[in-house]
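The chain contents come next:
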Amino acid sequence: MKYSPVEANKILKEHEFNFKKKFGQNFIVDENIIDNIIKKTDIKEDSLVIEVGPGSGALTYKLCAKANRVLCFEIDKTLEKILKNNLREFNNVDIVFEDFLQVDLKKELKKYNYKHLYLVANLPYYITTPIITKVIEQDIDIDKMVVMVQKEVGERFSAKVNTKHYNSLSVFLQYHFDIHKIMDVSRNVFVPKPNVDSEVVEFVKKEKIKTNNLDKFYSLVKDSFNQKRKNLRNNLKSYDLEKIELILKKYGYDLTARAEQLSIDIFIDISNNL
Ligand code: SAM
């Protein structure tokens, strides 16, 4: 079967599939969007692609045609027959019917040999951030992630210093990845149609890890943004403020600065010298 949105919809109807809001089920029905996602992922040889939430397999179909191996995690067991049918021409796909957040990902990945690891997904919106932070916290060495997310969440992921959406999550994620928006996606290309627009965001692994204590760095960033309207003097009361001020001076700031003014490199410098 060549995947087509019309075909996919027909199959969903035939199987009397009921969309489950609680699982964030909004399936893509625009092949151009899928093709763009695949193109941007730039899947190399010897690759393993993780997909969270294959749904009816629209994206999975094209991933299977491109990657050596595709490993999917799907929480909704009622999609099993549909997925089997839609992906029947491929033997390079494994589908684990489990909650991705509960999976021991390191253990799952040990079963595979690969040179490049990607994560590509139209993510369930209710757990977008936990999915991405899980990959980081489990220390999964991923080359690239290309994910469809709710527009305003994507804006936070890629927000730059001194902009409205820049927060501790932006710093945390951008410490590990270069993050860019690839394209805006209208709510009209999903079935059922969600209440929000989306965007596709690319995360490319950064090579150099520069802090000497990652936990200390995370705590500093979290505390600095604790109360967004307050300045660093107020948010970092329990820290050695004299030391912090000395470092800030190098960059032309003092303790009246707010967290949103500090680049990742300044946070790294402070945390490495505390
Ligand atoms: N990839 C499909 C597409 O683009 O048409 C479906 C995307 S839909 C936005 C999200 C998918 O994630 C659904 O299939 C849903 O059942 C699945 N899902 C939701 N929560 C999940 C979880 N905790 N673990 C794994 N899959 C989950």
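What you see is a predicted model, and the numbers here were worked out from it, not measured in a lab.

A.B. asks: So what about the pairing of strand S4 (residues 93-96)? Which residues, and what values?
C.D. replies: Summarising the sheet, strand S3 (residues 69-73) and S4 pair through 4 bridges and their orientation is parallel. Among the inter-strand pairings, Cys72 is bridged to a residue of S4, identified as Ile95.

A.B. asks: Just give me the short version of the environment of Ala159, but keep the residues and values in it.
C.D. replies: Along the chain, Ala159 falls in the loop between helix H7 (151-158) and helix H8 (168-176). Residue classification places Ala159 among the buried positions, given a relative accessible area of 5%. Linking Ala159 and Leu169, residues 10 residues apart in sequence, is a C-alpha distance of 9.5 Å. In this view, Ala159 contacts His165, Tyr166, Ser170 and Gln174; residues no more than four positions away in its chain are not counted.

A.B. asks: Got a sec to walk through the side chain of Glu108? Specific residues and values, please.
C.D. replies: You can see Glu108 is positioned in helix H5 (residues 105-109). Overall, Glu108 belongs to the buried group, its relative accessible area being 14%. Here Glu108 is in contact with Phe73, Val96 and Val103, once residues within four sequence places are set aside.

A.B. asks: Which residues make up the nonpolar core, and what values go with them?
C.D. replies: The biggest cluster of nonpolar side chains holds 35 residues, and the ones touching the most others in it are Ile33, Ile37, Leu63, Met148 and Val185. When near neighbours in sequence (up to four residues on either side) are disregarded, Val185 contacts Ile33, Met148, Phe190, Asp197, Ser198, Glu199 and Val200. Phe73, Val103, Leu117 and Ile136 belong to the second largest nonpolar core, which has 34 residues in total.

A.B. asks: Before we move on, could you go through unusual backbone geometry and cite the residues and values that matter?
C.D. replies: The bulk of non-glycine residues show a negative phi, and the bulk of peptide bonds are trans. A cis geometry characterises the amide bond from Val191 onward to Pro192, with omega recorded as -15 degrees. Checked against the element boundaries, Pro192 lands in the loop between strand S8 (190-191) and strand S9 (198-205). Phi angles above zero are rare outside glycine, and Asn162 is one such case at about 65 degrees.

A.B. asks: Go over the domain arrangement of the protein, please, and point to the residues and values.
C.D. replies: You'll often see interface size given as the accessible area lost when the parts meet. As far as domains go, the protein holds domain 1 (5-205) and domain 2 (214-272). Between domain 1 and domain 2, the contact holds 12 residues from the first and 15 residues from the second. Roughly 1100 Å² of surface becomes buried between domain 1 and domain 2 when both sides are summed, with 71% attributable to carbon and sulfur atoms. Considering only the side of domain 1, the residues that lose the most area to domain 2 are Tyr166, Val171 and Tyr175, jointly responsible for 46% of the buried surface there. Along the contact surface separating domain 1 from domain 2 lie 0 salt bridges. Counting every contact that joins domain 1 to domain 2 gives 5 residue pairs in polar contact (both at pLDDT 80 or more). Broken down by element, the side of domain 1 that touches domain 2 gets its largest block of residues, 6 residues, from H8. Of the residues belonging to the side of domain 1 that touches domain 2, the class tally is 6 nonpolar, 5 polar and 1 charged.

A.B. asks: Outline the packing of H8 against helix H9 (residues 214-224), supporting the account with residue identities and numerical values.
C.D. replies: Two numbers describe how H8 lies on H9: the axes approach to 9 Å, and their chain directions differ by 150 degrees. Looking at the two axes, H8 sits roughly antiparallel to H9. Handedness of the H8/H9 crossing: right-handed. Contacts between H8 and H9 involve Ser168, Val171, Phe172, Tyr175 and His176 from the former and Leu214, Phe217, Tyr218, Val221 and Lys222 from the latter.

A.B. asks: Please give an account of the sheet that holds strand S2 (residues 47-52) that cites residues and values.
C.D. replies: A sheet is described by the order of its strands in space; here 7 strands give the open sequence S4-S3-S2-S5-S6-S9-S7, paired in mixed fashion. Looking at the sheet topology across the chains shown, the edges are occupied by S4 and strand S7 (177-185). Adjacent strand axes in the sheet meet at a mean angle of 20 degrees, parallel and antiparallel pairs treated alike. Across 5 bridges, S2 lies against S3 in parallel orientation. Looking at S3, one finds that Val52 is bridged to Phe73. Against the sheet, H8 touches S7 and S9, its axis set at about 110 degrees to S7.

A.B. asks: I'd love a proper account of the site of the ligand, names of residues and values included.
C.D. replies: Around the ligand, a shell composed of 23 residues is seen, among which Gly53, Glu74, Asp99, Asn122 and Tyr126 lie nearest. Within the backbone of Gly53, one N or O atom sits 2.8 Å away from a nitrogen atom of the ligand. Residue Asp99 places a side-chain N or O atom 2.8 Å away from a nitrogen atom belonging to the ligand. Against a free-state accessible area of 590 Å², the protein chains account for coverage of 99% of the ligand.

Reading the values: the criteria
Residues numbered from 1 in each chain as written. Predicted model: local features only at pLDDT ≥ 70, side-chain atom pairs only at ≥ 80, totals over all residues. Heavy atoms only, no water. Pairing = 2+ DSSP bridges. Helix = DSSP H or I, 4+ residues; strand = E, 2+ residues; numbered from the N terminus. Buried < 20%, exposed > 50% of the residue type's maximum accessible area, 1.4 Å probe, protein only. Contact = heavy atoms within 4.5 Å. Core = buried A, V, L, I, M, F, W, Y, C linked by side-chain atoms within 4.5 Å. Domains from an automatic or database assignment. Buried area = accessible area lost by both parts, 1.4 Å probe. Salt bridge = Lys/Arg side-chain N within 4 Å of Asp/Glu carboxyl O. Polar contact = N/O pair within 3.5 Å; in protein donor to acceptor, adjacent residues only side chain to side chain. Nonpolar A, V, L, I, M, F, W, Y, C, P; charged D, E, K, R; others polar. Axes fitted to C-alpha atoms, helices over the stretch in contact; angles between N-to-C directions. Parallel < 35°, antiparallel > 145°, perpendicular 65-115°, else oblique. Left-handed = near helix turned anticlockwise from the far one by under 90°. Near = heavy atom within 4 Å. Areas by Shrake-Rupley, 256 points an atom, 1.4 Å probe, with all protein chains shown as cover.

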